[in-house]
Amino acid sequence: MTPRLLQFSVLVFYVSKVIFGSTYEQLQPIDVVRTSTVGNTTYACFEDQYDMPLVFWHKANLETKLSLIRSLDDQDMSIKRELLAAGCKWVWNSVPGLISLEVFSGDQKIKSFKKRGNVYSSIITKINSTHWRCEDSSFVEHIEISFENKITVVVEANLSAVMIDQCEKSGDLNAFNGTNRCHHTTYCIYRPGHRPFTAGNYWCACRPGYYSAFNKFDGALVELASQEEIDNKYSCHKCLEGCDVCDGPESCMAKFMWIKRGTFLGITIVCIIFTVILIWFVHKNRRIKVFRIASPTFLIITLIGCIIMYSEMGIMFPECTQQLCVATKWTRHFGFCITYSALLMKTWRVSLTYRVKSAHKLKLTDKQLLQWMTPILVIILVYMGAWTLSDPPQAVLEKEKETNQKFWKCSNDWWDYCLATGEVLFLAWGVRVCYVVRNAESFYNEAQSINFAIYNICIVNIIMMTIHFFLFPDIGPNFKYTLGFIRTQLSTSVTIALVFGSKVVRVMNGKGDHWDNKAKGLVSYEMNDVCEETNDLQTENEELKEVIFKLATQIGLLKNSLMHVNNRHLRKTGCQSCNPITSNQQSPTSKTGSFFKSLGSNSCLVPSTSA
């Protein structure tokens, strides 16, 4: 018998197709309940007016259990009788609320179950039908279902004790499932045991992210309200941005300290203006020795990188968005690469010349250094471009641990970590180069100033990376902006002060063209040779040749004059060739060298034979 009873779990929807006709599509069960019960203290029954099996919808598990009855064919009556009896017993014991259950095979009653004291009578009509009636202040539903295999099931239930659940439940075949009238900003909470067989046995509570002056609304009142009243009176307001759950209109977003941020931004703008003025100052005084030996081209490139790094504070000032995140990454990393590369190239040039062991002096021009610097900038441009086009940084909503307030921040992914690793390696190379030239001397302590600047940039960036990625990754926006300002000032402003401070002071004091005390002791790696221009060197060489020729002419004339004084071995007669200028018709500054040849072949200097 047990294997046959397993057939109760199949053919779930067959009974529903047989039971429910087109009348269900005309009028929903919940509409009948609302018409007869909502707002009334007593039931209003309608005999034979509605043809809808409410019990089968409300007791969804009854459909599954009755599926075996439909599956029985015309087999041996003894086996059929045993199966029907077992099935009816199972249904009667497992479905509470039934007051009568009868099963007929044709006109013969197979099994009958009734509760004690049941006064309702069943009348077999041989057709599928539903009857509602009021008896003894009870609301009774009488349902008759006839199957194709000549089996009829008669069910009666006292609906006065049935609680209607109108809340949404996935997979529930209950006819009242999801029939609540809660506003879309609220959700339904079932309230059992309050009002049997009436609509409104639920609460309408605000959904997460919404709030109201009331925690929840009574479903009975919502059932009686019009749609306009539901929209205005029984709805919830959306929480402000960042609030998953809220009790009122208070914001859950972290508040910006605009005065503090504005102060930091104002200081940064002053620094940018000062840097622009400094670029003009360096360009104007580029031929003064204190700037000329330091390569004005690289000094200006360094200042341009500093301006780009300063601009990060302006981008971080408003609330974070995706576009601002992309701009922040570009200004931070590209500005750092420009400034650090310019300083490192100059230090690297000192390192190469300092390590030369031969007598030949190694000279690296600014053009050559720019050629070495270009691949570094191209690499960072390609990396940032690929990052921006393929997987740009996103603005994500983050919660601050201390205050539980939320704020928008730029996301960090493997692009950030790879770039941070590359920058650490780049900084390590710069520290190594600085260590190599730690004992190198240069005019105006140029090499030492750059070394200190590189050391400072390395220390500040490593500390800030540690704070940003490991120590405090979820700090609030105000603290994050403060750290950004500190990083910018320590890495950018200090660099400008170290590299340009002493130079500007010298120029302002009128000592920009004066050598310091140790200028005479510098060896072949001094930095002034690298910034001379080719046109200036050629002009100076021409002038030097002119001076040398004039000096040689004066020496020759003086020699001839001294030889004639009281020299009895020379002829006294006039000699046209004794005057080298006249005889050769050449300028003393001639570059052909014939003047010096004439001095060696002058016949006036030949001793007289007569003597």
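Use the structure listed above.
Each value, and the rule that gives it
Residues numbered from 1 in each chain as written. Predicted model: local features only at pLDDT ≥ 70, side-chain atom pairs only at ≥ 80, totals over all residues. Heavy atoms only, no water. Pairing = 2+ DSSP bridges. Helix = DSSP H or I, 4+ residues; strand = E, 2+ residues; numbered from the N terminus. Axes fitted to C-alpha atoms, helices over the stretch in contact; angles between N-to-C directions. Salt bridge = Lys/Arg side-chain N within 4 Å of Asp/Glu carboxyl O. Buried < 20%, exposed > 50% of the residue type's maximum accessible area, 1.4 Å probe, protein only. Disulfide = S-S within 2.5 Å.

Caption draft 1: Local environment of the sheet that holds strand β7 (residues 202-206). Read across the open sheet, the three strands follow the order β6-β7-β9; overall the sheet is antiparallel. Two strands lie at the open edges of the sheet, namely β6 (186-190) and β9 (216-218), each paired on one side alone. Mean inter-strand twist for the sheet, computed between neighbouring axes without regard to direction, equals 30°. Summarising the sheet, β6 and β7 pair through five bridges and their orientation is antiparallel. Within β7, the residue paired with I189 across the bridge is W203.

Caption draft 2: How the structure looks around the pattern of salt bridges. All told, the structure shown has 10 salt bridges when counted by the stated rule. Among the salt bridges present, the one from E102 reaches K109, with a minimum N-O distance of 3.2 Å. Under the relative-accessibility criterion, K109 is labelled partly exposed at 41%. A salt bridge links K346 to E446; its shortest N-O distance comes to 2.8 Å. Here K346 is found in helix α14 (residues 322-354), whereas its partner E446 is found in helix α17 (residues 446-471), with 100 residues between them in sequence. A single burial state applies to K346 and to E446, both of which are buried. Through salt bridges with shared partners, a single network forms among E102, K109 and K114.

Caption draft 3: Spatial organisation of the state of the cysteines. Using the criterion set out here, one finds six disulfides in the structure. Across the disulfide, C206 is cross-linked to C236 (sulfur-sulfur distance 1.9 Å). Between C206 and C236, the S-S torsion sits near -80°, and that sign places the bridge as left-handed. Within this pair, whereas C206 is found in strand β7, its partner C236 is found in the loop between α10 (227-233) and β10 (237-238), the two being separated by 30 residues in sequence. Across this residue pair, the class does not change: C206 and C236 are buried. Between C239 and C246 runs a disulfide, and the two sulfur atoms are separated by 1.8 Å. Between C239 and C246 the sulfur-sulfur dihedral comes to about -85°; the bridge is accordingly left-handed. Residue C239 shares its accessibility class with C246, and that shared class is buried.

Limitation: the analysis is restricted to geometry and does not speak to function.
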